[in-house]
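# Coordinate analysis (summary)
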Amino acid sequence: MHQLFRLVLGQKDLSRAGDLFSLDDSEIEDSLTEALEQIKIISSSSDYQTNNNDQAVVEICITRITTAIRETKSIEKHAKALVGLWDSCLEHNLRPFGKDEDTPHAKIASDIMSCILQNYNRPPVMALAIPIAVKFLHRGNKELCRNMSNYLSLAAITKADLLADHTEVIVKSIFQGMMGKLNLGTCFRRHLKVFS
C-alpha cells in the first residue's frame, strides 16, 4: 500500500488525508484494494459510529479511491474489495437518525454505490454487485433505495438476466413503494419475460 495511504489509514491521520489528492491516480492505483480492506476494518470497529475523526478519514479516503478507480478505469481489478466494503455496511444501521441525517455506514454505502453501479454495462462487476445491491432494498433507507432503483433499472436494460434470481425481492420493493415506481417498475414490465 502506498505510504501515504498507510499513514492516513494506519494512524487515522485526518491532517494528512487531504494530501492523497495531490497524488496521481496511477501512483496509487495498485494500493486501492488494500486501502479498501483497511477501510473495512476501520468502519467495522465498535466505536466507528461515534468517532468523528475516523468517519472523516474514511469519507476522504473513499472519495479518493473511487475517483482513482474511475480515472484509471480499474473497476474490475478492485470490484471485489469495493463490493466487500459495501456489503459490510449491511451489518450496521442504515436508517437515518433524523429526517435527513444518514448514519456513517449509510454514507459509505451511498459513496460506494455510484462507483460500482455506474458500471452497469460490465457484467463481471454486476455479477458481484447485484446480489449485494438488492439487500439494500429493505434496509429502511429510502434515499439509498431510490438511488438503487435507478441503477438497477439500467442494469436490467443491459443485462436483465443478472436480476432474474432476485425477482421476488425486487417485486416486493416495487409493491411496498420503496423503489421508484416509474424507474424499476417500468423496466420490470418491459423485461417481464426475462424474470418469468
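Conventions used here
- Residues numbered from 1 in each chain as written.
- Predicted model: local features only at pLDDT ≥ 70, side-chain atom pairs only at ≥ 80, totals over all residues.
- Heavy atoms only, no water.
- Core = buried A, V, L, I, M, F, W, Y, C linked by side-chain atoms within 4.5 Å.
- Buried < 20%, exposed > 50% of the residue type's maximum accessible area, 1.4 Å probe, protein only.
- Helix = DSSP H or I, 4+ residues; strand = E, 2+ residues; numbered from the N terminus.
- Contact = heavy atoms within 4.5 Å.
- Phe/Tyr/Trp six-rings, centres within 6.5 Å; stacked < 30°, edge-to-face > 60°.
- Polar contact = N/O pair within 3.5 Å; in protein donor to acceptor, adjacent residues only side chain to side chain.
- pLDDT = per-residue confidence, 0-100.
- Salt bridge = Lys/Arg side-chain N within 4 Å of Asp/Glu carboxyl O.
- Axes fitted to C-alpha atoms, helices over the stretch in contact; angles between N-to-C directions.
- Parallel < 35°, antiparallel > 145°, perpendicular 65-115°, else oblique.
- Left-handed = near helix turned anticlockwise from the far one by under 90°.
- Nonpolar A, V, L, I, M, F, W, Y, C, P; charged D, E, K, R; others polar.

## Quick look at the nonpolar core
Formed by 54 residues in total, the largest nonpolar core has its most connected members in Phe5, Trp86, Ile116, Leu117, Phe136 and Met148. Residue assignment for this core shows that the elements contributing at least two residues are helix 1 (3–10), helix 4 (32–43), helix 5 (52–72), helix 6 (75–88), helix 7 (104–117), helix 8 (123–133) and helix 9 (142–159). Broken down by element, the residue count for this core peaks at eight residues, all from helix 7. Contacts of Met148, omitting those with residues within four sequence positions, involve Trp86, Met113, Leu117, Ala133, Phe136 and Leu137.

## Some points on the packing of aromatic side chains
With the rule as written, the count across this model stands at one aromatic pair. Centre to centre, the rings of Trp86 and Phe136 are 5.1 Å apart; their planes meet at 25 degrees, and the pair counts as stacked. Here Phe136 lies in the loop between helix 8 and helix 9 and Trp86 lies in helix 6, a separation of 50 residues in the sequence. A relative accessible area of 0% places Trp86 in the buried class.

## Describing the side chain of His78
With respect to the helices and strands, His78 occurs in helix 6. The exposure class assigned to His78 is buried, which follows from its relative accessible area of 1%. In this structure the side chain of His78 is engaged in a polar contact, spanning 2.7 Å, whose partner is the side chain of Thr33. When neighbours within four sequence positions are excluded, His78 is seen to be in contact with Glu29, Leu32, Thr33, Leu36 and Ile69.

## As for unusual backbone geometry
Backbone geometry places Lys12, a non-glycine residue, at a positive phi of 50 degrees. Tracing the sequence through the fold places Lys12 in the loop between helix 1 and helix 2 (14–17). With a relative accessible area of 31%, Lys12 lands in the partly exposed category. In this structure, Lys73 takes a positive phi of about 50 degrees despite not being glycine. The residue Lys73 is located in the loop between helix 5 and helix 6 in this model. The class of Lys73 is exposed, set by a relative accessible area of 62%.

## Description of the confidence of the model for the protein
Here the protein averages 84 in pLDDT, and 81% of its residues register 70 or above. This stretch, residues 178–184, has a pLDDT under 50; its non-local contacts, to residues over four places away or in other chains, come to 24 contacts. Throughout residues 186–196 the model reports pLDDT below 50, and contacts reaching past four residues in sequence, or to other chains, amount to 18 contacts.

## Focus on the pattern of salt bridges
Taken as a whole, this structure holds six salt bridges when the rule is applied. Among the ionic pairs, Asp19 bridges to Arg16, the shortest N-O distance being 2.6 Å. In this structure Asp19 comes out as partly exposed when scored by relative accessible area, which is 30%. Residues Lys77 and Asp30 are paired through a salt bridge, measuring 2.8 Å at the closest nitrogen-oxygen approach. With a gap of 47 residues between them, Lys77 in helix 6 and Asp30 in the loop between helix 3 (25–28) and helix 4 connect regions that are remote in the sequence. For Lys77, a relative accessible area of 48% gives the class partly exposed. By sharing partners, the salt bridges in this structure join Glu29, Asp30 and Lys77 into a single network.

## Describing the packing of helix 1 against helix 5
For the pair helix 1 and helix 5, interaxial distance at closest approach is 10 Å and the crossing angle is 155 degrees. It follows from the interaxial angle that helix 1 and helix 5 lie roughly antiparallel. In terms of crossing hand, the pair formed by helix 1 and helix 5 is left-handed. Listed contacts from helix 5 to Phe5, Val8 and Leu9 of helix 1 are Val57, Cys61, Arg64 and Ile65. When its residues are assigned to classes, the contact of helix 1 with helix 5 shows six nonpolar, no polar and one charged.

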